[in-house]
Amino acid sequence: MAFVQPNLMTFLTDFWNLKLKEATTIVNLYEGLKDMLEVNVVVCIDAWLGYRWMLILSSVLYTAGLGLLAFSVPQYFFKNEQVCPAEKVHCFKKLIHTPFWEGLALLVAGGATQGFPLDSLSFKQTKVVKAPEHYEATRIKVRCFKFKVKPGGWPQFQQKFIRWLCYGFLKLGILMSVYGFVFAKHNWHLRFLISAVSIVIGLLWFLCGFPFYGPRRLQPSPLLTRLRALIAAMRKRHLNYQEYSEQLHRGYGDDQNQHLTDHLEWLNKAAVEEPAADNGRWRVCSVKEVEETKILLNIFPMSMTFIVYGMVKSLGNTFFTEQVNSVRGAIPTIVFQMIQELSKSAVKTVFKFVFEKRIRRMKRQYTDGMKIGIGMLASIICSAVASSVESKRLKALSKKGLSHDPNTKIPYLISPFWFVLQFFFLGAMDGLAGDGIQDFFGHYAPDSRRYGPVFTRSVTGFGTVLNIAFIAILDCYSKSRHDASWLGDSINQSRLDFIYRTPEEQEEIPFLEVKQEEEAPLGDQQNQQGQADVQLQKISLHWPR
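These notes cover the structure that comes with them. (Residues numbered from 1 in each chain as written. Predicted model: local features only at pLDDT ≥ 70, side-chain atom pairs only at ≥ 80, totals over all residues. Heavy atoms only, no water.)

**Re the side chain of Ser-494**
In this fold, Ser-494 is placed in the loop between α18 (448-482) and α19 (496-501). A relative accessible area of 1% means that Ser-494 is categorised as buried. A polar contact of 2.7 Å, which involves the side chain of Ser-494, links it to the backbone oxygen of Ser-490. Once you skip the residues sitting within four places of it in the chain, Ser-494 turns out to touch Leu-20, Leu-394, Trp-486, Leu-487 and Gly-488. (Helix = DSSP H or I, 4+ residues; strand = E, 2+ residues; numbered from the N terminus. Buried < 20%, exposed > 50% of the residue type's maximum accessible area, 1.4 Å probe, protein only. Polar contact = N/O pair within 3.5 Å; in protein donor to acceptor, adjacent residues only side chain to side chain. Contact = heavy atoms within 4.5 Å.)

Take a look at the structure:
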């Protein structure tokens, strides 16, 4: 499953014979909506379903979606033809009448509800035995191995064992996915079915472990609390806050010492208790809840600059895959996608153990913005390399007189190793910028240990969906300015090298410079992370021509 979905572009262009623009729109819409819906999923988990039932629901939805996709291959609609034999326009019309769209919708719902509960159940919901007081060191023997557990270290030992066990099963699943992808070459029906059967097996194994999980813990969602504050402020928009500044709902306990700030003063109306009104949950909020809502709104402008990261990342599952697939050679597409994943892990590890520690030894404050900025620099290099490689491929195609043949795939038209660099830098961007954005939200998002990755994927999904409109604008621009579309019916009739260069002729990358640290906690109180006074700087980076 790990490598079947990223290659959905190949299924649509090679087997269903769709236009490049149509296939790109479908893949970006699928990836974007799947990531954007994760915020809603987290709210449902906290308030209603819990982790276990959400994971079961996601597995059922995902399995059903893969099953429908397995029976939407062309061989079931064109008398055992492996590829759609009709023209591109007629193939798209035929695809409309297949179960592909229902299956894709189920994959969106299943994919959005799968990642967050799976991670939480693997590392946070497992029962551990707490060590009692005055507990002496225990010697544990497993087969021929002996372990000595320190006092209070038994829960940590269990957590580490479960973490490595999950990590091992994850890698085993990836290897099985690679084997299934290579074994079922040109047989998408079998690829989808293998992925569906794997999820069913994993679900049955998960159901066997129900006794090892703790009881379902439902809690008020911090996002619903922020939404209540916004709705309460909007319902009291005609209220004069100054007249009721003494009638504030200050909460209980230590929250009574919280004071309202002048920043975003219109939001302070949500904390006013009106004497002649029904002060329900959606009508009034505490002072602390209002201030936490202001924190979330403050990071919104900064988070909008991360959309470019999602736009560049969407190239990996669309145009990059088509570039590799257009050159028939000994190296399959899945190898380059594995290079991307390895690059992501390697760059994150090198930055953490080399640069981050060196910065701290120099007594300089390490910032998330530095990691984001280096990652965005890698995205520019990635696009520049991809543009150069695509120009080289088109020139080689033109020399053979096949530049207008949409379906030409000549073995070793150029060396497949030319594509290694662009996938390497795409993985480096994902490892640095993606991890930096997640750390940024981890400092300022509500309940940041849980919501940081969710906000990161949501912003990435929004950038992926926005890339659809960006490509459409580029298409209109190229037709009006150059009397030719840069995005043709196939990759051989397109000018992807121009598309790679055009988006960011001058990009400004935001860096965070921390001026002073304070001891007051921000966002999630459980994290106890210090508040920092943040100043934005912009560095202009010009594209190479």
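**Some words on the packing of helix α10 (residues 222-235) against helix α11 (residues 287-298)**
Contact geometry for α10 and α11: axes closest at 9 Å, N-to-C directions at 100°. It follows that α10 is roughly perpendicular to α11 by the angle criterion. Across from Thr-225, Arg-226, Arg-228, Ala-229 and Leu-230 in α10, the residues of α11 making contact are Glu-289, Glu-292, Thr-293, Leu-296 and Leu-297. In the contact of α10 with α11, the residues fall into 4 nonpolar, 2 polar and 4 charged. (Axes fitted to C-alpha atoms, helices over the stretch in contact; angles between N-to-C directions. Parallel < 35°, antiparallel > 145°, perpendicular 65-115°, else oblique. Nonpolar A, V, L, I, M, F, W, Y, C, P; charged D, E, K, R; others polar.)

**Regarding unusual backbone geometry**
Although it is not a glycine, Asn-17 adopts a positive phi angle of roughly 55°. In this structure, Asn-17 sits in the loop between α1 (8-15) and α2 (20-36). Take Asn-17: its relative accessible area is 14%, and that puts it in the buried class. Of note, Leu-264 is a non-glycine position whose phi angle comes to about 50°, a positive value. Following the sequence through the fold, Leu-264 ends up in the loop between α10 and α11. Classification of Leu-264 by relative accessible area gives partly exposed; the value is 23%.

**Some thoughts on the nonpolar core**
Formed by 88 residues in total, the largest nonpolar core has its most connected members in Leu-8, Phe-11, Leu-12, Phe-100 and Phe-319. If one sorts the elements of this core by residue count, helix α17 (residues 420-444) sits on top with 11 residues. Ignoring sequence-local partners within four residues, the contact set of Leu-8 consists of Val-27, Tyr-30, Leu-69, Phe-100, Leu-104, Trp-188 and Phe-192. Core analysis: the next-biggest nonpolar cluster, separate from the first, contains 14 residues, Ala-229, Leu-267, Ala-271 and Val-287 among them. (Core = buried A, V, L, I, M, F, W, Y, C linked by side-chain atoms within 4.5 Å.)

**Description of α11**
In this model α11 runs 17 Å from its N-terminal to its C-terminal C-alpha over 12 residues, within 8% of the 16 Å that 1.5 Å per residue would give. Counting buried residues along α11, 10 of its 12 residues qualify, which places the element largely inside the surrounding structure. What α11 keeps buried is the set Val-287, Lys-288, Glu-289, Val-290, Glu-291, Glu-292, Thr-293, Lys-294, Ile-295 and Leu-296. (Expected span 1.5 Å × (residues − 1).)

**Concerning the side chain of Glu-291**
Positionally, Glu-291 belongs in helix α11. Residue Glu-291 is classed as buried on the basis of its relative accessible area of 11%. Side-chain polar atoms of Glu-291 contact the side chain of Lys-294, separated by 3.1 Å.

**Section: the packing of helix α4 (residues 51-70) against helix α9 (residues 188-208)**
Any two packed helices are characterised by the angle at which their axes cross and by the distance between the axes. Put simply, α4 and α9 touch, their axes get as near as 8 Å, and they point 160° apart. Here α4 lies roughly antiparallel to α9, going by the angle between them. Pair α4 / α9 crosses with left-handed handedness. Between α4 and α9, the residues in contact are Arg-52, Leu-55, Ile-56, Ser-59, Val-60, Tyr-62, Thr-63, Leu-66, Leu-69 and Ala-70 and His-189, Phe-192, Leu-193, Ser-195, Ala-196, Ile-199, Val-200, Leu-203, Phe-206 and Leu-207, respectively. The residue inventory of the contact of α4 with α9, partitioned by class, reads 15 nonpolar, 4 polar and 1 charged. (Left-handed = near helix turned anticlockwise from the far one by under 90°.)

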